[in-house]
Amino acid sequence: MKISLKYYTIKYLITILLFIIAVWAALFYAYILDEVYDNVDDGLKNRKIQIIKAVYFDENLLKNNEFGFNEFKINPVSASSYKPKNRLYNKMYYMEYDDKDQPYRVLETDFIDQFGKTQQLVIRTSTVEQDELVYDLTTALIVLYLLLVVSIIAVNGFLLHKAMRPFYLILDKLKKYQFGIPPSEMPQDFSIKEFEELDIEINEMIERNERAFHQQKQFIENASHELQTPLAIAINKIDLAIQNDELDKKNLNFLNEVKNDLRRMSGLNKSLLMLSKIDNNQFAKTVNVNFNELISELLNEYQDFIEYKKIEVNLVEKEVLEANFNRDLADILLSNLLKNAVKYNRQHGTIQIITEKERIVFQNTGTGVSLDPSQIFNRFYKQGSDHSSTGLGLSIIRSIIKQYPGWDIAYEFDEGMHYFMLSKNAG
């Protein structure tokens, strides 16, 4: 699923923040424990010195063989086991109040009493419960993380939305831009240098595209018009030559073939010019068009063609389809659909046109095999081996549909019938 740049950055920022807090928590936990043990160890070492001094003044302390109120004990130790160095470690001891074992820091050391005997001194002191420390630290960090996430989303969302506003203005300008219709917006004063440079570059690109568009449009129109005149002259000359009674059948057939090729070239020229005009958005004006009325008019215009092929036409008007559309494009669109249904139909075939509120269906008999749905609307795609076809009729339909978001043209083949479905969104 696509997301906006704002939420894309926040997503990764939150993920990175979670990783950083996890690493920081582990380091912080280790540091706190080290500090706690360091302070406790210093206290135990200080108590060791005080206890040993007290033993020299009061020999009764040598009888303190179990942990009592003072949390230390002294027991004799053999001379061979004598170790005067401090030994520090953690150990769990049962506590009556909590009714469970609690963590203690323990210091062991050996010393020689005033009677020359070796003694072992063990001192203990309660220390932090690591599991509770981990729990409390984790809870605090989770709360901190959630607060940071909420703050990041709120602050970053506001700041990014404000900072990215020029970008959205530029993006909106690009979305609305169409060839041949220069943007009419007022110049923007951007506070961010990069966006200002982007806007300048886009405006220059639009100007270059507009110049290229007008040059291309002028060239296509000029070339098409220049080609149309010699083609018409050539066709007229061939018509005059055909009327010559001295021509034999072979030459007459040859001239007819040349004439048909020229007519096809003329039709191809007109179709390409039409495609160019459609793609260049030269039919921008729209009015409310009644498609049902247009179909009825076109059926009357194609009546001779329909009767020639002895095709049965059924117009089923379930509902009226009306839409804002360029009148000329609507006429070309429906004319190409009807012409396609008649031209590629068989003798004594059938055509059924169904009009609905949001859809028109052209259904016709024809070849008994399906056309290629992925290629049928491409330019120069031909149905069968018909050399008289330019292969641009359905391509013109697709080009027209592209000019109107929400409209679509689809093809299906079912039980020997070809379906062309023209539809628009309910909105």
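Residues numbered from 1 in each chain as written. Predicted model: local features only at pLDDT ≥ 70, side-chain atom pairs only at ≥ 80, totals over all residues. Heavy atoms only, no water.

### What about the sheet that holds strand 8 (residues 350-355)?
Judged by pairing direction, the sheet is mixed, and its 5 strands sit side by side in the order 6-8-9-11-10 without closing on themselves. Both edges of this open sheet fall to strand 6 (312-317) and strand 10 (407-414), since each of them pairs with a single strand only. Shown here is a sheet whose adjacent strand axes are inclined to one another by a mean of 10 degrees, direction ignored. Where strand 8 meets strand 9 (residues 359-364), 5 bridges bridge the pair, whose relative direction is antiparallel. (Pairing = 2+ DSSP bridges. Helix = DSSP H or I, 4+ residues; strand = E, 2+ residues; numbered from the N terminus. Axes fitted to C-alpha atoms, helices over the stretch in contact; angles between N-to-C directions.)

### Considerations on a negative patch on the surface
The grouping of Glu194, Glu196, Glu197, Glu201, Glu204 and Glu207 at the surface amounts to a negative patch. Along the polypeptide, Glu197 turns up in helix 4 (residues 193-242). Owing to a relative accessible area of 42%, Glu197 belongs among the partly exposed residues under this scheme. (Patch = residues over 30% accessible without salt bridge, like charges linked within 9 Å, V, L, I, M, F, W, Y side chains within 5 Å. Areas by Shrake-Rupley, 256 points an atom, 1.4 Å probe, with all protein chains shown as cover. Salt bridge = Lys/Arg side-chain N within 4 Å of Asp/Glu carboxyl O. Lys, Arg positive; Asp, Glu negative; His and termini not counted. Charge placed at Lys NZ, Arg CZ, Asp CG, Glu CD. Buried < 20%, exposed > 50% of the residue type's maximum accessible area, 1.4 Å probe, protein only.)

### Focus on the environment of Leu61
Relative to the assigned elements, Leu61 resides in the loop between helix 1 (5-57) and strand 1 (72-76). The sequence separation of Leu61 and Lys73 amounts to 12 residues, and the corresponding C-alpha distance is 8.7 Å. When neighbours within four sequence positions are excluded, Leu61 is seen to be in contact with Ala54, Val55, Phe72 and Ile74. (Contact = heavy atoms within 4.5 Å.)

### Thoughts on the pattern of salt bridges
Overall, the coordinates contain 7 salt bridges when judged by the stated rule. As a salt-bridge pair, Arg87 and Asp110 come within 3.5 Å of each other at their nearest N and O atoms. With Arg87 in strand 2 (residues 87-95) and Asp110 in strand 3 (residues 100-112), the pair connects residues that are 23 residues apart, well separated along the chain. For Asp110, a relative accessible area of 4% translates into the label buried. Between Glu356 and Arg359 there is a salt bridge whose closest N-O contact spans 3.5 Å. Residue classification places Glu356 among the partly exposed residues on the basis of a relative accessible area of 21%. Assessed through its relative accessible area of 30%, Arg359 is described here as partly exposed.

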